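What follows is each chain in one-letter form.
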Amino acid sequence: MKYLFFDIECANCFNGIAKICEFGYVLTDESFNVIQKEIFLINPNDKFDWYVAKKLLNYSINSYRRSPLYTHYFDRIKALFTDEDTMIFGHTVDSDFKFLNDEARRYSLPFFDCRFYDAKYMYDTYAKTESAGDGNSLSVSKICVALGIELPELVHKSVDDAYATMLIVKELTKRMNVDVNGLIALCADCKGETSGGEIKTVITERARQKRAATANSNYMKGVNKSRFYRFLNGVKPQGTVRINELTGKKICFSLNYERDHFRQTLSLVQLLKNCGCIYKRPIAQLDYFMSYKAYDDDGNEIICPRLSAVECAAEQGASIKVIPFESLLRILGVTEDELNAMPFPDESSFAKRPSRTSKRERGENPNGKAPPTTIGETLKARGVDLSARK
């Protein structure tokens, strides 16, 4: 079995598309004896990001421009990644394979299909279990310093970074008293694969599952929060507007309710829209506020910061009518059971993306100073220091 360590530098990633200008690699045997060590300078066939050219690259722009295109090296790079007797390693490898996939699309080349292992997460596992560090020093050079490895001769020179990555993996096997396969077994997060132009890692898959779980939950956070803003920008009345005391008014809900009732909040917003009422967040713009009592695990009532802001605004002359959740349901002509049973809105009710609002629309002063009726200022006016709360 051979071990391939590689690194890539790019001229730019404008528009999210990488243009490779360096490919460096080190190939070793199972004892980390170097078999091959090489760097390919590549003409990116595009302009250079000024910061990359000035701060990160170790060759002149002319050196890259005089070099062959990526297509010239493709067969040699392909041979490295498709050798079944070779295990592939790198640092932030998913990013490097993203660069390779971008070039495959740019030049209509086939994608690489292979598994890979990330030294960054190998070190992270070691740092957490052996108290070698805090797990945050994850650049190649910082990991080398933490492990007492001599720094690469030239940082960001792809072949030197590839060689340093090899030394990191070698040192970790020594410190953790395992071989490479044992190191991989101890660090599930280091695993990844690319196939058909798609990249999957244990980390990204875990994040995807978390997002999916959040989307299926009823908690107003993460994906659900984003979907809520999209709904506010896309919701339309269903049929003829039903006139009642809320028509033409603006309302906001207690965080005590909204926080744990994502789906019901969408349904309430739809019902409000059906009677010509608008859901708004800035306290200064409200006509109504829906209150809701909630309690913590010890039975203590949870104070809603929005309600505190409404009360403070009222003391300063604002005319905001506070109505309990049950009263709002009566006005809307729906029971709580009926609200809970309402179907989830279809995709046509969601805007493609939340529209940006101006500071004035958010209830802030366009000159930079928020009015005292925003939540933060009103609570501050009451002597409540939110930064001190956990």
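Residues numbered from 1 in each chain as written. Predicted model: local features only at pLDDT ≥ 70, side-chain atom pairs only at ≥ 80, totals over all residues. Heavy atoms only, no water.

**Describing the side chain of Asn-12**
Our working rule: By the criteria applied, helices consist of DSSP H or I runs no shorter than four residues and strands consist of E runs no shorter than two, each listed in order from the N terminus. Any pair of N or O atoms that falls within 3.5 Å is considered a polar contact. Within protein, one atom must be able to donate a hydrogen and the other to accept it, and sequence-neighbouring residues count only if both atoms are side-chain atoms. By definition in these notes, contact holds between two residues if any of their heavy atoms fall within 4.5 Å.
With respect to the element layout, Asn-12 can be found in strand β1 (residues 2-12). A polar contact is formed between the side chain of Asn-12 and the side chain of Lys-19, at a distance of 3.0 Å. Polar side-chain contacts of Asn-12 include one of 2.5 Å to the backbone oxygen of Lys-47. For Asn-12, the contacting residues outside a window of four places in its chain are Ile-17, Ala-18, Lys-19, Asp-46, Lys-47 and Asp-49.

**A few points about the pattern of salt bridges**
For the record, the criterion: In what follows, salt bridge is the name for a side-chain nitrogen of Lys or Arg lying within 4 Å of a carboxyl oxygen of Asp or Glu. Exposed residues in this analysis have more than 50% of their type's maximum accessible area, buried residues have under 20%, and partly exposed residues fall in between, with area computed by a 1.4 Å probe over protein chains only.
Overall, the coordinates contain 12 salt bridges when judged by the stated rule. Where Asp-189 meets Arg-206, a salt bridge forms, and the shortest distance between an N and an O atom there is 2.7 Å. With Asp-189 in the loop between α8 (180-186) and β6 (191-195) and Arg-206 in helix α9 (residues 202-216), the pair connects residues that are 17 residues apart, well separated along the chain. A salt bridge links Glu-258 to Arg-281, with the nearest nitrogen and oxygen atoms 2.7 Å apart. Taken together, the positions of Glu-258 in helix α11 (residues 255-258) and Arg-281 in the loop between β9 (278-279) and β10 (288-291) put the pair 23 residues apart, joining distant regions of the chain. On the basis of relative accessibility, which here comes to 2%, the residue Glu-258 falls in the buried class. Put simply, Lys-2, Asp-83 and Asp-85 are held in one network by salt bridges that share partners.

**Some words on the packing of aromatic side chains**
Quick reminder of the rule: Only Phe, Tyr and Trp rings take part, Trp by its six-membered ring, and two of them pair if their centres are within 6.5 Å. Stacked means planes under 30 degrees apart, edge-to-face means over 60, and tilted covers everything else.
Counted by the stated rule, this structure contains 31 aromatic pairs. Centre to centre, the rings of Phe-6 and Phe-81 are 5.0 Å apart; their planes meet at 80°, and the pair counts as edge-to-face. Residue Phe-6 is located in strand β1, and its partner Phe-81 is located in helix α3 (residues 70-82); the two are separated by 75 residues in the primary sequence. A centroid spacing of 4.6 Å and a plane angle of 15° characterise the contact between Phe-40 and Tyr-73, whose relative ring orientation is stacked. One end of the pair, Phe-40, is in strand β3 (residues 34-41); the other, Tyr-73, is in helix α3, and 33 residues separate them in sequence.

**Notes on the sheet that holds β9**
To keep things clear, this is the line we draw: In short, DSSP must find at least two bridges between two strands for them to pair. Throughout, an axis means a line fitted to C-alpha atoms (over the contacting stretch in the case of helices), and angles, computed between N-to-C directions, take values from 0 to 180 degrees.
One open sheet accounts for four strands, arranged β9-β8-β10-β11; its pairing is parallel. On the outer flanks of this sheet lie β9 and β11 (321-324), each paired with one strand and no other. Relative to β11, β10 runs parallel, the two sharing four bridges. Note on β11: the bridge partner recorded for Ser-291 is Pro-324. Of the strands in this sheet, β8 (250-253), β10 and β11 are in contact with helix α14 (residues 325-332), which crosses β11 at around 90°.

**Points about helix α10 (residues 222-234)**
Filter applied, for reference: Expected span of a helix, by definition, is 1.5 Å for each gap between consecutive residues, and there is one gap fewer than residues. Think of the arc as the fan of directions from the helix axis to the C-beta atoms.
Between its first and last C-alpha atoms α10 spans 19 Å; for 13 residues at 1.5 Å apiece the expected length is 18 Å, and the two agree. By the burial criterion, the buried members of α10 are Asn-224, Phe-228, Arg-230, Phe-231 and Gly-234. Around the axis of α10, the buried residues are gathered within 170° of arc, so they sit on the same side.

**With respect to the layout of surface pockets**
What counts is decided by this rule: Using a 1 Å grid laid over the protein atoms alone, points where a 1.4 Å probe fits but cannot get out form a cavity; open sets with protein on both sides within 12 Å along at least 5 of 7 lines form a pocket; any residue with an atom within 4 Å of a point counts as lining. Grid points are joined across faces, edges and corners, and a volume is the space filled by probe spheres set on the points. We call Asp, Glu, Lys and Arg charged. Ala, Val, Leu, Ile, Met, Phe, Trp, Tyr, Cys and Pro are nonpolar, and the rest, Gly among them, are polar.
Computed from the structure, the second largest pocket encloses a volume of approximately 430 Å³. Lining the second largest pocket we find 20 residues, and of these Asp-7, Ile-8, Glu-9, Thr-92 and His-156 sit closest to its centre. Counting residues per element, the ones that place at least two in the lining of the second largest pocket are β1, α1 (50-56), α4 (93-107) and α6 (140-147). If one sorts the elements of the lining of the second largest pocket by residue count, β1 sits on top with six residues. Classifying every residue of the lining of the second largest pocket by side-chain character gives nine nonpolar, seven polar and four charged.

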